[in-house]
Amino acid sequence: MEKFAETLLDRENLSLVIDNLKQGIIAHKPDRTITFFNRAAERITGYSRDEVLGRDCHQVFASPFCGDRCSFCNENSPDFTSGTTEYPLTIITKDGQTRQIEMTVSAIQNKEGVFNGVIASFSDLTDEIDLSLKAESMTSFSGIIGKSKAMHDIFRQIKDVAVYKYPVHVSGETGTGKERVANAIHDYSAFGNGIFVPVNCGAIPEGIVESELFGHVKGAFSGAVKDRKGRFELAHKGTLFLDEVAELPLKTQVKILRFLQEGVFERVGGEKQVSVDVRIISATNKNLKEEVRKGNFRQDLFYRLNVIPIKLPPLRERKTDIPILISRFLKETEKEHNDKPPSISKQALDIMLDYHWPGNVRELKNVIQFSVVHSRGGVVKPDDLPMEVVEQAGRPEIMQENEGEKKDREMKQKTKLDPDAVISALEKTGGNKSKAARLLSVGRATLYRFLSRNPSVKQYAEELDQ
């Protein structure tokens, strides 16, 4: 064993071991001079050792492999001189191929803790992702959930467009996940190491929208007591996500158009031109072409923003994704509340599969949260679902409860939920309300309602929970 350790410590033998790893390995000094580049790195990037060793990594590799997205080369990164960071990355190889890699970067420090360079390992996931998409076996991509063909098409589009800087316009009904798609494009793009700045254009009052987007100088208007950066400047070296872009005033549209054409703008009240390097992703739940026809949106800006269109399908057109979305939301509930969530009964699932989902994925998440709160026991049943879901799914008869059974259930709950019984259950569970509710054989919502009507018991519960 000692001889094996000595063999590994030998510099030449260690290099031989690293050279035979499947992962690409690259190391460089603090001045970014590349000192190591193994065979897997050659294979993945298409660059030979002779082309990279002894050279500045910024001069060798094109963005995004090295440059804005590259945290170990970006001196503004908090991990530039210490720690380890991991991130997905889309690169363009020397011969122009697009590859998806997983990058892990670590700082190298000497015994005194002084920064001495970096070492990065990266794995090529392109074939694995492509095979999963081809076989339609992938169930998630960069945090987006789905296994339907429609969602696999979206995953492919995200993968393909991420490496380019061209503006992307994401359209789709409310609640379909437009911001998640924008986030995924950002993560895989050359700007992924920068900040992601989302802006809801419809939520900004018309009088201050230009100041919010482009900033202002001191004295530009009443209340402008100092210079202020806008969202475009805050997103420098990152991604600006213009959500509900159809709501922008025509005057502001002109200024955005100029930025897209010339790459510069002025702050409100200022004369100095400001230049930023930012990727623009826009989104709306409206038909932009129709807004252009109505005169509400500039045609020239539409063409500038809609260079790469991505249209998200509504949930009613991808109902095979509903079970895995429910599973994800239940896991989130478990994580947030540290309590085992209920399962979904077949009858409740059938109702959700029959429902039209006008609010799409966002509405589904709200329904799951509602059902978890209202469920009695460990299973979500049809009468735990919101009434409008059951009625619109064509199952109103499920909401009918035998009047005698209803009175029975209420009587049982009344006898169980007296102050002494609740206090006893809380003491046994150390103030854990979820466990106390199970001990009392009632739903958590029922217990919370009881506590809200009994302030002294509620205060005692809070003291126990501290």
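One structure accompanies this document, and this report is about it.

What counts and what doesn't
- Residues numbered from 1 in each chain as written.
- Predicted model: local features only at pLDDT ≥ 70, side-chain atom pairs only at ≥ 80, totals over all residues.
- Heavy atoms only, no water.
- Phe/Tyr/Trp six-rings, centres within 6.5 Å; stacked < 30°, edge-to-face > 60°.
- Helix = DSSP H or I, 4+ residues; strand = E, 2+ residues; numbered from the N terminus.
- Buried < 20%, exposed > 50% of the residue type's maximum accessible area, 1.4 Å probe, protein only.
- Pairing = 2+ DSSP bridges.
- Axes fitted to C-alpha atoms, helices over the stretch in contact; angles between N-to-C directions.
- Expected span 1.5 Å × (residues − 1).
- Arc of directions from axis to C-beta.
- Polar contact = N/O pair within 3.5 Å; in protein donor to acceptor, adjacent residues only side chain to side chain.

Bringing the packing of aromatic side chains into the picture now. Counted by the stated rule, this structure contains 11 aromatic pairs. Geometrically, the ring pair formed by phenylalanine 141 and phenylalanine 155 is stacked, given 5.5 Å between the ring centres and 25° between the ring planes. Here phenylalanine 141, found in strand S6 (residues 140-141), pairs with phenylalanine 155, found in helix H7 (residues 149-161); they are 14 residues apart in sequence, far enough to count as distant. What makes phenylalanine 141 buried here is its relative accessible area of 3%. Look at phenylalanine 155 and you get buried, because its relative accessible area is 0%. Note on phenylalanine 214 and phenylalanine 265: the rings are 5.2 Å apart at their centroids and 50° apart in plane angle, and the pair reads as tilted. Here phenylalanine 265 lies in strand S11 (residues 264-266) and phenylalanine 214 lies in helix H9 (residues 209-214), a separation of 51 residues in the sequence. Through successive ring pairs, a cluster of aromatic residues spans Phe214, Phe232, Phe259 and Phe265.

The 5 strands lie next to each other as S9-S10-S13-S8-S14, forming an open sheet whose pairing is parallel. If you trace the sheet from one side to the other, it starts and ends with strand S9 (196-200) and strand S14 (308-311), each paired once. Pairs of neighbouring strands in the sheet enclose a mean axial angle of 20°, with direction left out of account. Judged from the 4 bridges that link them, strand S8 (residues 168-171) and strand S13 (residues 279-284) form a sheet pairing that is parallel.

Let's shift gears to H7. The end-to-end C-alpha separation of H7 is 18 Å, in line with the 18 Å expected for 13 residues at 1.5 Å each. Along H7, the positions that sit buried rather than exposed are Met151, His152, Ile154, Phe155, Ile158, Lys159 and Val161.

This part is about helix H19 (residues 419-428). Residues separated by three or four positions in an α-helix point in the same direction, a consequence of the helix having 3.6 residues per turn. For H19, the set of buried residues is Val422, Ala425 and Leu426. With its buried residues spanning 100° around the axis, H19 presents them on a single face. In this structure, H19 carries Asp420 and Lys428 as exposed residues pointing more than 90 degrees from its buried face. Its side-chain oxygen at 3.1 Å from the backbone nitrogen of aspartate 420, aspartate 418 defines the N-terminal cap of H19.

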